[in-house]
Amino acid sequence: MTMPAPSFYFPAPRTQKFCSQCGSSLTQRIPADDSRIRDVCDNCGAIHYQNPRNVVGVLPVLGDKVLLCRRAIHPRYDKWTLPAGFMELGETTAQGAERETQEEAGAQIELGPLYTVIDVPYANQVHFFFLAKVLSTELNPGPESLEAGFFSKSEIPWDDLAFRTVSTTLEHYFNDQPSGRFPMRHYDIPWPVAH
Ligand code: ZN
């Protein structure tokens, strides 16, 4: 299937009005020796490239249960998610995943191997989820979460999960669980699915 998703699903491109080098207004055009429209500064010549963002997260496991957080922020307010968020400058994917787990759930974890890598081209994102062992039942969800808790497969609010990358990671975890083997996998979510 090659039909693109309807354009109204796509997030608005990240626009930048002014040059961060010289403060002049930017124009959108294809620079010489390029094939894509970029934000270009005609004053100082700077080209402001935009590239996909990395989202890093954790699948925290405690016995036969996994840790989920209920979102206190938009988008997907009130929906359940794995601890995850945008990577910060200067940190590794693993450090970002641990930081997000601390911020959103206040959970003590031992980070394990990378488990899923999920391309989300329509949102210009790549999501990385690490497996982790939860070391204590004590949770301390931060301001980005309404609550956090542990769920077995049958307890997971499958219809109220925040993101496809979360449901994909959870589905494959519970498919792997009987075998006790959790190899890293790569997925594409090429177009959005209505929630
Ligand atoms: Zn400039």
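Source: prediction; values computed, not measured.

(A) Representation of empty space enclosed by the protein within the structure. This model, assessed by the stated rule, comprises 1 cavity of 30 Å³ or more. If you add up the space inside the largest cavity, you get close to 40 Å³. Lining the largest cavity, in full, are C69, R71, I73, T81, E104, E144 and S145. Across the lining of the largest cavity, the residue classes tally to 2 nonpolar, 2 polar and 3 charged.

(B) Region of interest: the coordination of the zinc ion. Bound to the zinc ion on the protein side are C19 (SG), C22 (SG), C41 (SG) and C44 (SG), at distances that span 2.3 to 2.4 Å. If you look at the zinc ion, its 4 donor atoms make angles of 99 to 117 degrees with each other, and the shape they trace is tetrahedral. Counting along the primary sequence, the residues that act as donors to the zinc ion give the motif C-x2-C-x18-C-x2-C. Remark: C44 occurs in the loop between β2 (38-41) and β3 (47-48) and C22 occurs in the segment before β1 (26-29); sequence separation between them is 22 residues.

(C) Seen up close, the pairing of strand β10 (residues 145-151). In terms of burial, β10 is a largely internal element, 5 of the 7 residues being buried. The sheet contact formed by strand β5 (residues 65-71) and β10 spans 6 bridges and is antiparallel. Of the residues in β10, the one forming a bridge with L67 is F150.

(D) Expanded view of the confidence of the model for the protein chain. Looking at the protein chain as a whole, the pLDDT averages 92, with 92% of positions reaching at least 70. pLDDT under 50 marks residues 1-10. Its contacts with residues more than four places away, or in other chains, come to 9 contacts.

(E) Structural detail: the pattern of salt bridges. A full pass over the atoms with the stated rule returns 10 salt bridges. With its nearest N and O atoms 2.9 Å apart, the salt bridge here joins D176 to R185. Each of E91, R99, E100 and E103 takes part in salt bridges that share partners, so that together they form one network.

(F) Local environment of the nonpolar core. L59, V66, L68, I156, L170 and Y173 are the most contacted members of the largest nonpolar core, which has 18 residues in total. Of all the secondary structure elements, the ones that give two or more residues to this core are β4 (53-62), β5, β9 (125-134) and α2 (164-176). Here the element with the most residues in this core is α2; it accounts for 4 residues. Not counting the four nearest positions on each side in its chain, I156 is found in contact with V66, L68, F151, L161, L170 and F174. Counting 16 residues, the second largest nonpolar core, distinct from the first, contains A105, V117, F130 and A148.

Definitions and limits used
Residues numbered from 1 in each chain as written. Predicted model: local features only at pLDDT ≥ 70, side-chain atom pairs only at ≥ 80, totals over all residues. Heavy atoms only, no water. 1 Å grid on protein atoms, 1.4 Å probe; cavity = no way out; pocket = protein on both sides within 12 Å on 5 of 7 lines; lining within 4 Å. Points joined across faces, edges and corners; volume = space filled by probe spheres on them. Nonpolar A, V, L, I, M, F, W, Y, C, P; charged D, E, K, R; others polar. Donors = N, O, S within 2.8 Å, 3.2 Å for Na, K, Ca; no water. Tetrahedral: all angles 85-135°; square planar, octahedral: opposite > 155°, others 65-115°. Helix = DSSP H or I, 4+ residues; strand = E, 2+ residues; numbered from the N terminus. Buried < 20%, exposed > 50% of the residue type's maximum accessible area, 1.4 Å probe, protein only. Pairing = 2+ DSSP bridges. pLDDT = per-residue confidence, 0-100. Contact = heavy atoms within 4.5 Å. Salt bridge = Lys/Arg side-chain N within 4 Å of Asp/Glu carboxyl O. Core = buried A, V, L, I, M, F, W, Y, C linked by side-chain atoms within 4.5 Å.

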